[in-house]
Amino acid sequence: HGLDIALDLAVLKVDARDTRPPLEFGKAEALSVTQEVITFGYPVGDSVTVSKTNVSSFHKPRGTIERVQLVGGLSPGNSGGPITN
């Protein structure tokens, strides 16, 4: 486990003996505009925040999703934090 507040970086230890994946990753194509998602962040360094937000658009310059835009529920400290559905 490690934390660097200046770099906004955290390292988590995963028990390798557990055969379940720690996270199941989905595909951006499975999302839809207006879908509710949950953001996690560490904005003030004191505690984790959990906020609801929504998918507002997709950036597809070459026909595939390169970025997902969210609206609401984000604050400084959410950068690099997970987004879940």
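These figures come from a predicted structure and were not determined experimentally.

Notes on the overall build of the protein
(1) Moving on: Summing up its helical and strand segments, the protein has zero helices and six strands in all.
(2) Moving on: By the burial criterion, 11% of the 85 residues in the protein qualify as buried.
(3) Moving on: Expressed as a percentage of contacts within the protein between residues at least 6 apart in sequence, the contacts between residues at least 24 apart total 37%.
(4) Moving on: A total of about 6,900 Å² of accessible surface is found on the protein, and carbon and sulfur atoms cover 56% of it.
(5) Moving on: Distance between charge centroids for the protein: 6 Å, based on 8 positive and 9 negative side chains.

So, the pattern of salt bridges
Opposite charge on two side chains makes pairing possible when the charged atoms of those side chains draw close.
(1) Moving on: Applying the stated criterion across every chain yields a total of one salt bridge.
(2) Moving on: For R62, the salt bridge is made with E66, and the minimal N-O distance between the two is 2.4 Å.
(3) Moving on: The class for R62 is exposed, based on a relative accessible area of 66%.

Some remarks on the sheet that holds strand β6 (residues 83-84)
(1) Moving on: Pairing in this open sheet of four strands is antiparallel, and the strands run β5-β4-β3-β6 from one edge to the other. Both edges of this open sheet fall to β5 (67-71) and β6, since each of them pairs with a single strand only.
(2) Moving on: Two strands pair when backbone bridges link them, and strand β3 (residues 36-41) and β6 are joined in this way by two bridges, in the antiparallel orientation. Residue pairing in the sheet places I38 in a bridge with T84 of β6.

Examining the environment of A16
(1) Moving on: As for its position among the elements, A16 is in the loop between β2 (9-11) and β3.
(2) Moving on: For the pair formed by A16 and D4, sequence separation is twelve residues and the distance between their alpha carbons is 24 Å.

Some thoughts on the pairing of β3
(1) Moving on: Residues V37, T39 and G41 line the buried face of β3, whereas the alternating positions E36, I38 and F40 sit on a face that is not buried.
(2) Moving on: The pairing of β3 with strand β4 (residues 49-59) spans six bridges and is classified as antiparallel. From the neighbouring strand, F40 faces β4, where its bridge partner is V50.

Quick notes on the rules
- Residues numbered from 1 in each chain as written.
- Predicted model: local features only at pLDDT ≥ 70, side-chain atom pairs only at ≥ 80, totals over all residues.
- Heavy atoms only, no water.
- Helix = DSSP H or I, 4+ residues; strand = E, 2+ residues; numbered from the N terminus.
- Buried < 20%, exposed > 50% of the residue type's maximum accessible area, 1.4 Å probe, protein only.
- Contact = heavy atoms within 4.5 Å.
- Areas by Shrake-Rupley, 256 points an atom, 1.4 Å probe, with all protein chains shown as cover.
- Lys, Arg positive; Asp, Glu negative; His and termini not counted.
- Charge placed at Lys NZ, Arg CZ, Asp CG, Glu CD.
- Salt bridge = Lys/Arg side-chain N within 4 Å of Asp/Glu carboxyl O.
- Pairing = 2+ DSSP bridges.

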